[in-house]
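Chain by chain, the residues:
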Amino acid sequence: MLPTASTCNVGINSILYYLLYYSLFCCGTCVSKMMWRTVEQYGSMQPSPRRDFAIVYSDRSSEDKLLLFGGRNKYKNKIYDDVWLFGLRTKKWDRVVSSNGVHPSARHSMVYGISKGQFIVAMGAGYYGVLFNDVWCFDVASNLWSVVHAKIDPDRPAPQPRYASGGGVYPDSCKLHVTFGVTHHGNWNTWSFDLESRLWSLESELWHPYTPWLPHPRNSHTAVPVSQDSLVLTGGCLADSSSAGPCPSSDSWLYHAHAWRRLSPCHYPANHAAATLYPVNQPSYIILHGGSPHLEPLVAVPPPLANQLSVYDVSTSHWFTVYANSTLSGMSQFPTPRSGHGFLSTRMGAVLYGGEALENYMLTDMWSLDGDLVPQTLATTPLAPSHTSSFTESQCS
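Described below are features of the structure shown in this document. A quick note: this is a predicted structure, and the numbers were derived from the prediction, not measured.

The secondary structure content of the chain amounts to one helix and 30 strands. Of all intrachain contacts in the chain linking residues separated by at least 6 positions in sequence, the fraction that spans at least 24 positions is 60%. Split by element, the accessible area of the chain, about 17300 Å² in all, is 54% carbon and sulfur.

See the structure below:
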């Protein structure tokens with residue numbers, strides 16, 4: 001039996017060593033009313049099954065929309081360059097074709113976000129191992145793509161092309177963050193791109209990958225902006241051609257003002273997990289869902305329970321665990337464990353879409369998660385304070 005919001009604890013008859021693993025890190029649990037529901041998708045036109053796509057939420061029209069771009073299906077050796085809109089009220093997908101014929105190259109594993117009605121997409125990997133470091137903007141009102149040309153400044157070059165990076169855009173802010181990822185020449189840095197000035201800034205760089213007070217370089221991790229100048233990094237693969245480490249890792253870090261601070265590792269270690277700020281109108285938490293374990297971990301860690309979520313409290317800089325309920329019953333009452341999926345906050349709650357099941361098949365289902373989070377008393381280890389910012393409509397052009 002899975003734990004639910006009414007118990008918010010794992011029974012002793014559940015996987016014993018799973019409990020031991022998490023108890024070592026003193027993670028809190030959370031009494032919540034979080035509820036999973038399936039979202040119907042009507043109509044004959046729908047995106048092809050895919051993973052590692054970019055997806056954002058826009059409420060800048062009478063119809064709340066999800067916007068999806070790109071992604072890949074490794075079983076078909078296909079990388080996509082299409083744009084789809086999903087109406088959260090109509091429950092229908094529509095493909096959007098830019099009238100000017102301009103659009104980004106087909107790619108997957110991008111960094112993305114939304115700012116002032118603009119769907120921002122950067123970085124990624126395309127066919128034949130091509131990596132990108134360009135920035136594109138999709139205007140939600142006109143349905144047109146345009147490339148965001150970075151200003152040429154010898155003192156402020158662009159980052160190396162890369163994919164499987166972390167980062168994104170804090171809602172309606174003017175700054176895009178890109179941290180680590182896979183490159184052709186190492187991945188030891190964190191960058192930001194100012195959407196107003198169109199200048200890149202090197203925010204942080206590691207001179208050696210094994211610096212204990214800084215996060216190890218990695219890829220396939222999750223990094224979520226919690227303000228215009230801060231982001232929270234979790235998990236990912238620390239092993240690549242330039243360095244070695246756990247894959248996936250269980251560490252977690254807060255970045256703010258060119259400095260990193262380590263957080264308690266209170267979440268399931270995974271690659272290609274999905275995360276979103278929640279709720280959409282007053283982002284107070286990060287909800288982390290899913291991801292894939294390494295095929296041959298040094299220490300076998302059982303997968304998370306189907307209704308388990310890791311949650312980061314922005315105000316306290318603590319992680320805790322939530323066990324959600326479902327409106328369904330039986331074997332399919334919770335989303336299939338997956339990686340490479342989309343997870344984003346909307347006015348109807350957090351929406352999960354697509355990705356790849358851990359059993360190696362593609363998914364096209366959609367779920368919503370809503371309800372309140374009420375954290376209990378958590379660990380008292382001093383951690384970095386949270387940082388918040390407010391933005392006005394005139395700040396971004």
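Moving on, we get to the packing of aromatic side chains. Under the definition given, this model contains 16 aromatic pairs. For the pair Phe86 and Trp93, a centre-to-centre distance of 5.0 Å together with 50 degrees between the ring planes defines the contact as tilted. Owing to a relative accessible area of 3%, Trp93 belongs among the buried residues under this scheme. Aromatic side chains Tyr285 and Phe320 sit 6.2 Å apart centroid to centroid with 90 degrees between the ring planes, which places their arrangement in the edge-to-face category. Pair noted here: Tyr285 is in strand S22 (residues 285–289) and Phe320 is in strand S24 (residues 318–323), with a separation of 35 residues, a long-range link.

What follows covers the sheet that holds strand S3 (residues 54–58). As summarised here, the arrangement of the four strands in space is S3-S4-S7-S8, forming an open sheet in which the pairing is antiparallel. Each having just a single partner strand, S3 and strand S8 (93–96) make up the two edges of the open sheet. Neighbour-to-neighbour, the strand axes of this sheet turn through a mean angle of 25 degrees, independent of strand direction.

This paragraph deals with the sheet that holds strand S10 (residues 118–122). Paired through their backbone hydrogen bonds, the strands of a sheet run either parallel or antiparallel. Spatial ordering of the open sheet is given by S9-S10-S11-S12, a layout of four strands whose pairing is antiparallel. The open sheet has two edge strands, strand S9 (111–115) and strand S12 (144–147), and neither has a second partner. Here the average twist between neighbouring strands, direction ignored, is 20 degrees. Inspection of the sheet shows strand S11 (residues 135–139) paired to S12 by four bridges, in the antiparallel sense. Note that in S12 the partner of Cys137 across the bridge is Ser146.

Core analysis: the largest hydrophobic core is formed by 18 residues, its most contacted members being Met34, Trp36, Ile287, Phe343 and Leu369. Of all the secondary structure elements, the ones that give two or more residues to this core are strand S21 (274–278), S22, strand S23 (308–313), S24, strand S28 (349–357) and strand S29 (361–370). When residues no more than four places from it in sequence are discounted, the contact partners of Phe343 are Trp36, Ala274, Ala275, Thr276, Ile287, His289, Ala350, Val351, Leu352 and Leu369. Counting residues in hydrophobic clusters, the runner-up holds 15 residues, among them Leu67, Val121, Trp136 and Val140.

This paragraph deals with the pattern of salt bridges. Counted by the stated rule, this structure contains 12 salt bridges. Linking Asp82 and Arg50 is a salt bridge whose minimum nitrogen-to-oxygen distance equals 2.8 Å. Residue Asp82 is found in the loop between strand S6 (78–79) and strand S7 (83–87), and its partner Arg50 is found in the loop between strand S2 (35–38) and S3; the two are separated by 32 residues along the sequence. Looking at Asp82, the relative accessible area reads 7%, which means it is buried. A salt bridge links Arg347 to Asp64, with the nearest nitrogen and oxygen atoms 2.6 Å apart. With Arg347 in the loop between strand S27 (342–346) and S28 and Asp64 in the loop between S3 and strand S4 (65–69), the pair connects residues that are 283 residues apart, well separated along the chain.

Taking a probe equal in size to a water molecule and rolling it over the atoms shows the remaining empty space. All told, the structure shown has one cavity of 30 Å³ or more when counted by the stated rule. Approximately 200 Å³ is the volume found for the largest cavity. Around the largest cavity, the lining is made up of 17 residues, and of these His289, Gly290, Pro304, Leu305 and Gln308 lie nearest the centre. Looking at the lining of the largest cavity, the elements with two or more residues in it are S22 and S23. Ranked by the residues each element gives to the lining of the largest cavity, the list is headed by S23, at three residues. Of the residues belonging to the lining of the largest cavity, the class tally is 10 nonpolar, six polar and one charged.

Moving on, we come to the layout of surface pockets. Put simply, the largest pocket is a space of about 1100 Å³. Lining the largest pocket we find 48 residues, and of these Ile55, Tyr112, Gly113, Ala275 and Phe343 sit closest to its centre. Counting residues per element, the lining of the largest pocket draws most heavily on S9, at five residues. When its volume is computed, the second largest pocket comes out at roughly 470 Å³. Lining the second largest pocket we find 23 residues, and of these Arg51, Asn271, His272, Ser292 and Pro293 sit closest to its centre. Split into classes, the residues belonging to the lining of the second largest pocket amount to nine nonpolar, 10 polar and four charged.

We now examine the pairing of S7. S7 sits mainly inside the fold: five of its five residues count as buried. Burial of the side chains of S7 extends over both faces: Val83, Leu85 and Gly87 are buried on one face and Trp84 and Phe86 on the other. In the sheet, S4 pairs with S7 via five bridges, with the strands oriented antiparallel. Bridge pairing in S7 links Leu67 to Leu85. Two elements, S7 and S8, share four bridges in a ladder whose sense is antiparallel. Bridge assignment links Leu85 to a residue of S8, and that residue is Asp94. Here S7 hands over to S8 after five residues, with Lys91 in that stretch at a positive phi of 60 degrees.

Each regular strand shows side chains that alternate between the opposite faces of the sheet. The buried fraction of S29 amounts to seven of the 10 residues, a majority that puts the element mostly inside the structure. The turn joining S28 and S29, which pair antiparallel and follow one another in sequence, is formed by three residues; a positive phi near 75 degrees is taken by Asn360.

Rules used in this analysis
- Residues numbered from 1 in each chain as written.
- Predicted model: local features only at pLDDT ≥ 70, side-chain atom pairs only at ≥ 80, totals over all residues.
- Heavy atoms only, no water.
- Helix = DSSP H or I, 4+ residues; strand = E, 2+ residues; numbered from the N terminus.
- Contact = heavy atoms within 4.5 Å.
- Areas by Shrake-Rupley, 256 points an atom, 1.4 Å probe, with all protein chains shown as cover.
- Phe/Tyr/Trp six-rings, centres within 6.5 Å; stacked < 30°, edge-to-face > 60°.
- Buried < 20%, exposed > 50% of the residue type's maximum accessible area, 1.4 Å probe, protein only.
- Pairing = 2+ DSSP bridges.
- Axes fitted to C-alpha atoms, helices over the stretch in contact; angles between N-to-C directions.
- Core = buried A, V, L, I, M, F, W, Y, C linked by side-chain atoms within 4.5 Å.
- Salt bridge = Lys/Arg side-chain N within 4 Å of Asp/Glu carboxyl O.
- 1 Å grid on protein atoms, 1.4 Å probe; cavity = no way out; pocket = protein on both sides within 12 Å on 5 of 7 lines; lining within 4 Å.
- Points joined across faces, edges and corners; volume = space filled by probe spheres on them.
- Nonpolar A, V, L, I, M, F, W, Y, C, P; charged D, E, K, R; others polar.

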